[in-house]
Amino acid sequence: MAGRKSRHGLTRREFLGGAMAAAVGAASGLRALAASAPNKAALPELKRRVLGRTGLQVSQLGMGTSISLNVAVVQRALDMGVNFFDTAECYENGNAEIALGEAFACRREEVIIATKWHTNGTTPADSLLASLDGSLKRLNMEHVDLIQVHGAEKPEQVTSDELWEAFTRAREAGKARFNGV
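Below is a summary of the structure that appears in this document.

This part takes up the overall build of the chain. A tally of regular secondary structure across the chain gives 6 helices and 7 strands. Starting at the N terminus and ending at the C terminus, the chain contains elements arranged as α-β-β-β-α-β-α-β-α-β-α-α-β. Within the chain, residue pairs in contact and separated by at least 24 positions form 68% of the contacts whose partners lie at least 6 positions apart. Looking at the chain as shown, the accessible area adds up to about 10600 Å², and 53% of this sits on carbon and sulfur atoms.

Written out as structure tokens, the structure is:
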């Protein structure tokens with residue numbers, strides 16, 4: 001049975017397949033670029049942008065960590081000027097966060113780290129905060145720069161009082177500087 005086409009003319013399977021191919025291609029390109037660049041001085045400087053209304057200066061090229069992660073590749077990306085790294089507790093069963101923690105053990109002040117939590121709209125604030133605590137432990141960090149809702153598909157996932165309580169408590173506790181979707 002053929003899948004239902006979206007307004008863009010793609011089935012969900014076609015979209016996901018293309019997205020996965022793009023992610024693998026991007027990771028391969030970064031690996032090749034890291035291997036081919038002899039040193040940081042020989043590379044053009046990556047431009048920076050302000051991330052939303054946060055005031056955070058992030059590199060125009062960020063690095064997602066949803067696929068297998070090599071600490072040396074992450075460190076090389078940082079050496080090349082990438083300072084924005086996006087992860088989530090579910091990436092590689094938490095191992096992506098562990099790898100980032102290892103990669104940035106002595107360089108935390110140089111990076112902007114974003115991670116995510118999952119909510120169905122009724123997830124208690126304490127559960128969301130426990131998820132963030134797990135991420136911080138895996139990252140070996142005291143705070144993340146950005147905590148986001150992962151995969152929000154329904155309004156209740158981003159409008160629940162529990163979510164906003166968790167966002168507020170995370171910021172007040174110094175565990176997350178900013179929040180987003």
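After that view of the structure, there is still more to cover.
For the coordinates displayed, the defined rule picks out 9 salt bridges. D145 serves as the salt-bridge partner of R108, at 3.1 Å between the closest nitrogen and oxygen. Taken together, the positions of R108 in the loop between helix 3 (95-103) and strand 5 (112-117) and D145 in strand 6 (residues 144-149) put the pair 37 residues apart, joining distant regions of the chain. Residues R108 and D145 agree in their burial class; the two are buried. Between D133 and K175 there is a salt bridge, with its nearest N and O atoms 2.7 Å apart. Here K175 lies in the loop between helix 6 (161-172) and strand 7 (176-180) and D133 lies in helix 4 (residues 125-139), a separation of 42 residues in the sequence. Residue class for D133 comes out partly exposed when judged on its relative accessible area of 33%. Look at the salt bridges and you will find they share partners, linking D79, R107 and E110 into a network.

On to the sheet that holds strand 4 (residues 84-86), then. Spatial strand order, 3-4-5-6-7: 5 strands in an open sheet with parallel pairing. The sheet terminates laterally at strand 3 (63-64) and strand 7, the two strands that pair on one side only. Of the pairings in the sheet, the one linking strand 4 to strand 5 comprises 3 bridges and is parallel in character. Its bridge partner lying in strand 5, D86 is registered against A114. Each of strand 5 and strand 6 touches helix 4; the most contacted strand, strand 5, lies at about 140 degrees to it.

Looking at where N83 falls in the secondary structure, it is placed in the loop between helix 2 (71-79) and strand 4. Residue contacts for N83: discarding those within four places in its chain leaves R48, Q57, V58, S59, L78, E110, V111 and I112.

A few words on the pairing of strand 6. Across the 6 residues that make up strand 6, a large majority, 6, are buried. The pairing of strand 5 with strand 6 spans 4 bridges and is classified as parallel. Along strand 6, the bridge assignment pairs T115 with I147. Read from strand 5 through helix 4 to strand 6, the crossover connection turns out right-handed. Pairing of strand 6 with strand 7 involves 4 bridges; the strand directions are parallel. Bridging across to strand 7, Q148 finds its partner in G180.

Before going further, it helps to spend a moment on unusual backbone geometry. In this structure, E92 takes a positive phi of about 55 degrees despite not being glycine. Along the chain, E92 turns up in the loop between strand 4 and helix 3.

Enumeration over the complete set of coordinates arrives at 3 aromatic pairs. Seen from their ring centres, W164 and F167 are 5.0 Å apart, and the 70 degrees between their planes marks the pair as edge-to-face. Separated by 3 residues within a single helix, W164 and F167 lie in helix 6, roughly one turn from each other. Looking at W164, the relative accessible area reads 41%, which means it is partly exposed. Joined through ring pairs, the aromatic side chains of W117, W164 and F167 make up one cluster.

About the criteria used
- Residue positions are counted from 1 within each chain, in the order its sequence is given.
- Only residues with pLDDT of 70 or above have their local features reported here, since the model is predicted, and side-chain atom pairs are shown and tallied only from 80 upward, although totals for entire chains, interfaces and linings are computed over all residues.
- Hydrogens and water are ignored here; the side-chain numbers use all heavy atoms of the structure.
- Segments assigned H or I by DSSP are reported as helices when at least four residues long, segments assigned E as strands when at least two residues long, and all are numbered from the N terminus.
- We call two residues in contact when some of their heavy atoms are within 4.5 Å.
- Surface exposure here means Shrake-Rupley accessible area, sampled with a 1.4 Å probe, where a residue is shielded only by the protein chains that are shown.
- Each salt bridge in this description consists of a side-chain nitrogen of Lys or Arg and a carboxyl oxygen of Asp or Glu lying within 4 Å of one another.
- The classification of residues rests on relative accessible area computed with a 1.4 Å probe and restricted to protein chains. Under 20% of the type maximum is buried, over 50% is exposed, and intermediate values are partly exposed.
- Pairing between strands requires that DSSP locate at least two bridges from one strand to the other.
- Interaxial angle, 0 to 180 degrees, is taken between N-to-C directions of lines fitted to C-alpha atoms, where a helix line uses only the stretch in contact.
- Here is how to tell: hold the view so the strands point away, follow the path from the first strand over the helix to the second, and if it runs clockwise the crossover is right-handed.
- Aromatic rings from Phe, Tyr and Trp, with only the six-membered ring used for Trp, were paired whenever their centres fell within 6.5 Å, and each pair was classed as stacked if the ring planes differed by under 30 degrees, edge-to-face if by over 60, and tilted otherwise.

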